Structures are given as C-alpha cells and as structure tokens.
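Descriptive analysis of the structure
Here is how the chains run, residue by residue.
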Amino acid sequence: MSDTEPDIAPMSFEDALRALEDIVRKLESGEVPLDATIGLYERGEQLRQHCQARLDAAQMRIEKIVAGASGEAAGTAPFDA
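Conventions adopted
- Residues numbered from 1 in each chain as written.
- Predicted model: local features only at pLDDT ≥ 70, side-chain atom pairs only at ≥ 80, totals over all residues.
- Heavy atoms only, no water.
- Core = buried A, V, L, I, M, F, W, Y, C linked by side-chain atoms within 4.5 Å.
- Buried < 20%, exposed > 50% of the residue type's maximum accessible area, 1.4 Å probe, protein only.
- Helix = DSSP H or I, 4+ residues; strand = E, 2+ residues; numbered from the N terminus.
- Contact = heavy atoms within 4.5 Å.
- pLDDT = per-residue confidence, 0-100.

Section: the nonpolar core
In terms of nonpolar packing, the biggest core is built from 9 residues, these being I8, M11, A16, A19, L20, I23, L40, L47 and C51. Put simply, the parts of the chain that give this core at least two residues each are α1 (13-29) and α2 (34-64). With 4 residues, α1 is the single largest residue contributor to this core. For A16, the contacting residues outside a window of four places in its chain are M11, L47, H50 and C51.

What follows is the structure, given as structure tokens:
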C-alpha cells in the first residue's frame, strides 16, 4: 500500500466499493503500466475481501432478526428465506 492510499480496515462498505470501482476503471482503461497494474490488482483484491466481510457481517445480523406477528423479534431465519 502506498502512503497516499487510505487504510482499508476502517473503510465503510460504500467507501471500499467506490475505491474498488475506481481501480476497476483504471485497469479497464489499459493505460496503467504493468507494475502499477499489479499493485492495483492487489489493492483491489484487498478491497473485495473487505467488502465481502462487510456483507457477510450484515447478513449475519439480518439472520438474527426475524419479526413475529407482533412485530417483535421472534427468532432467527436464513437471510435467503
């Protein structure tokens, strides 16, 4: 990671996704030198993993909350249900 790139760990999902989209645009342009491309790819993979971890955490939170008929939490159910 270069000195100009922010640390990924404290990034919100939205900030990390925007950073990942910026990297994809740069890579798709074909105008990035090979060495820089490799660095961008590595950073992109770190951002992808961060986004996936955030999504997994959100899914686990949603699975814990299932409202019953009264509107109160009544148990858990899979997110896909």
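Points about the confidence of the model for the protein
Per-residue pLDDT for the protein averages 86, and the proportion of residues at 70 or more is 78%. Looking across the protein, the model is least confident in strand β1 (residues 66-67), with a mean pLDDT of 64, and most confident in α1, with 97.

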